[in-house]
Amino acid sequence: MPIDYEPITPPRRLDALRELRLPLDALRWVPSWFTRAPARAVQPRTVILLPGFGTGPRSMHFLQVFLRGRGHRVRDWGLGVNDGNARRLRALLTGVVEAAVQQHAEPVVLVGWSLGGYLAREFARDHPHGVRGIVTLGSPVVGGPRYTATAARYRSQGHDLDAIERSVKDRYQTPLQVPVTAVYSKRDGIVAWPACIDRWSPTVRNLEVSETHLGLVLSPRVFGIVAEAIEQE
């Protein structure tokens, strides 16, 4: 399957300033927080949350609280801070997912923010039978870190971004077999939004929202999308 895409411009320093609008967005969310009473899910699911690069479980705390309020069995991934070592973290996820599957006797739903979403997809690509579904939030599924604000950091550590991009492309030769809801935003100042869109996997549903990258794990609207994706049959 050929994986071709138009040139993507990585976020510039000025683009990252979009994230400073988060306090203004929070004011916009206030009415939703006070008027929305979380309904209980008809069928609670087992959910594992995967944080973004350089962050840990606390970054997804509010989403965890929201989903637990709907009755889902939600846990963090138990691997601490996401250090960006995708291959190592993907291997460690095997034990985490297997333990959850055995404990609850059902496949899990993986919800990943930024790099966490990419890890969720690639884990499910190799282990589809343990995963019911995936939700990605501003996740770079094209080019790896190349089209993100962390590209310079990866280069400074000696990573070959061309080689990583080729590796990400090659992974598409193994089709995704589980449903994926991919949430992206053109206001994202950390990950170039075209890099968040998978145009080649038929199991992926791409949904646009209007939030900052940080807002993707705080926005009531995004929380509703996550809940709907988790609860679909």
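Above this text you will find the structure in question.
Residues numbered from 1 in each chain as written. Predicted model: local features only at pLDDT ≥ 70, side-chain atom pairs only at ≥ 80, totals over all residues. Heavy atoms only, no water.

Novice: Tell me what's going on with the overall build of the protein chain, and back it up with residues and numbers.
Specialist: Along the protein chain, the regular secondary structure elements total 8 helices and 6 strands. Over its C-alpha atoms the protein chain spans a radius of gyration of 17 Å, differing by no more than 12% from the 17 Å that the globule rule assigns to 233 residues. A total of 233 residues make up the protein chain; the buried ones form 51% of that total. Partitioning the contacts of the protein chain with sequence separation of at least 6, the portion at a separation of at least 24 is 76%. Per element, the accessible surface of the protein chain, about 11300 Å² overall, is 55% carbon and sulfur. If the 30 positive side-chain charges of the protein chain are averaged to one point and the 22 negative ones to another, these points end up 4 Å apart. (Helix = DSSP H or I, 4+ residues; strand = E, 2+ residues; numbered from the N terminus. Rg over C-alpha atoms; globule rule 2.2 N^0.38 Å. Buried < 20%, exposed > 50% of the residue type's maximum accessible area, 1.4 Å probe, protein only. Contact = heavy atoms within 4.5 Å. Areas by Shrake-Rupley, 256 points an atom, 1.4 Å probe, with all protein chains shown as cover. Lys, Arg positive; Asp, Glu negative; His and termini not counted. Charge placed at Lys NZ, Arg CZ, Asp CG, Glu CD.)

Novice: Account for the nonpolar core, naming residues and giving values.
Specialist: For soluble globular proteins, the rule of thumb is that nonpolar side chains tend to be buried together. Of all hydrophobic cores here, the largest spans 38 residues; its most connected members are Ile48, Leu50, Leu110, Leu119 and Val142. Those elements that provide at least two residues to this core are β1 (46-50), α4 (86-104), β3 (108-113), α5 (115-126), β4 (131-137), α6 (151-156), α7 (161-171) and β5 (180-185). Once residues lying within four places of it in the same chain are set aside, the contact partners of Leu50 are Met60, Trp77, Leu93, Leu110, Val111, Gly112, Trp113, Gly116, Leu119 and Ala120. Judged by nonpolar contacts, the second largest core, of 23 residues, contains Met60, Phe66, Leu137 and Val226. (Core = buried A, V, L, I, M, F, W, Y, C linked by side-chain atoms within 4.5 Å.)

Novice: Could you give an account of the pairing of strand β2 (residues 73-76), with specific residues and numbers?
Specialist: Here β1 runs beside β2; their pairing, made up of 4 bridges, is parallel. Across the sheet, residue Ile48 finds its bridge partner in β2, namely Arg75. (Pairing = 2+ DSSP bridges.)

Novice: Any details on the packing of aromatic side chains? Residues and values, ideally.
Specialist: Across all of its chains, the model carries 5 aromatic pairs by this definition. Where Phe66 meets Phe223, the ring centres are 5.4 Å apart and the plane angle is 40°; that geometry is what we call tilted. Here Phe66 is found in helix α3 (residues 61-69), whereas its partner Phe223 is found in helix α8 (residues 220-231), with 157 residues between them in sequence. Per residue, the accessibility class of Phe66 equals that of Phe223, and both read buried. (Phe/Tyr/Trp six-rings, centres within 6.5 Å; stacked < 30°, edge-to-face > 60°.)

Novice: Before we move on, can you summarise a nonpolar patch on the surface with the specific residues and values?
Specialist: Together, Leu24, Leu27, Val30, Trp33 and Phe34 give the surface a local cluster of nonpolar side chains, amounting to about 560 Å² of exposed area. Of note, Leu27 is situated in helix α2 (residues 22-35). (Patch = residues over 30% accessible without salt bridge, like charges linked within 9 Å, V, L, I, M, F, W, Y side chains within 5 Å. Salt bridge = Lys/Arg side-chain N within 4 Å of Asp/Glu carboxyl O.)

Read these as spatial facts, not as claims about activity.
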